[in-house]
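# Report on the structure
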Amino acid sequence: MPEVRGARVVVDALIGYSLRGAPRERAADLILACNRHRRVLSLDVPSGLDATTGEAPGEVVRPERTLTLALPKTGLGDIPGDLYLADISIPPEVYARLGLSYCMPFSDAGYWTRLSRSRK
């Protein structure tokens, strides 16, 4: 795909959290195009990966970095590349209503934090 070849960074935001089965057709083709690029940033969850289980029923993006949003996803434990968590300003009361214990992991200096480094 020529539009990906000339890019300095490819941002993967194709599927996200709501994956149901293996990516098909155009989504699968775009995942393969992402994987031919050296610098890929996945937003929330690498496309093709189940956010809860970490299973990949088909093609999955292999990012250099993933910026997951709000809370760490349980399925991100073995993803390639660096993993970061970003604050998207969900009020603590929302977590409490869902029965989730939440401790703000962000410092006063920022809205994101590194969770893990690549195992190269």
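Residues numbered from 1 in each chain as written. Predicted model: local features only at pLDDT ≥ 70, side-chain atom pairs only at ≥ 80, totals over all residues. Heavy atoms only, no water.

### Section: the packing of aromatic side chains
Going through the model one piece at a time under the given rule, you end up with two aromatic pairs. Both rings, one in Tyr95 and one in Tyr102, keep their centres 4.2 Å apart while their planes meet at 20°; by these two values the pair is stacked. For Tyr102, a relative accessible area of 23% puts it in the partly exposed group. (Phe/Tyr/Trp six-rings, centres within 6.5 Å; stacked < 30°, edge-to-face > 60°. Buried < 20%, exposed > 50% of the residue type's maximum accessible area, 1.4 Å probe, protein only.)

### Describing the pattern of salt bridges
By the definition in use, this model includes four salt bridges. Here Arg39 makes a salt bridge to Glu64, at a shortest N to O gap of 3.4 Å. With Arg39 in the loop between helix H2 (25–35) and strand S2 (40–43) and Glu64 in the loop between S2 and strand S3 (65–69), this pair connects stretches of sequence that are 25 residues apart. Its relative accessible area of 26% is what places Glu64 among the partly exposed residues. Between Asp82 and Arg114 there is a salt bridge, and its shortest N-O distance comes to 3.3 Å. Taken together, the residues Asp82 in strand S4 (residues 82–86) and Arg114 in strand S5 (residues 112–116) connect sequence positions 32 residues apart. Looking at Asp82, the relative accessible area reads 12%, which means it is buried. (Salt bridge = Lys/Arg side-chain N within 4 Å of Asp/Glu carboxyl O. Helix = DSSP H or I, 4+ residues; strand = E, 2+ residues; numbered from the N terminus.)

### Some words on the pairing of S2
Looking down a regular strand, the side chains alternate between one sheet face and the other. Across the two faces of S2 the burial differs, with Val40 and Ser42 buried and Leu41 and Leu43 not buried at all. Where strand S1 (residues 10–12) meets S2, three bridges bridge the pair, whose relative direction is parallel. Note on S2: the bridge partner recorded for Asp12 is Ser42. Running through H2, the crossover from S1 to the neighbouring parallel element S2 is right-handed. Taken together, the three bridges between S2 and S3 define a ladder with parallel strand orientation. Looking at S3, one finds that Leu43 is bridged to Leu67. (Pairing = 2+ DSSP bridges. Right-handed = clockwise from strand over helix to strand, strands pointing away.)

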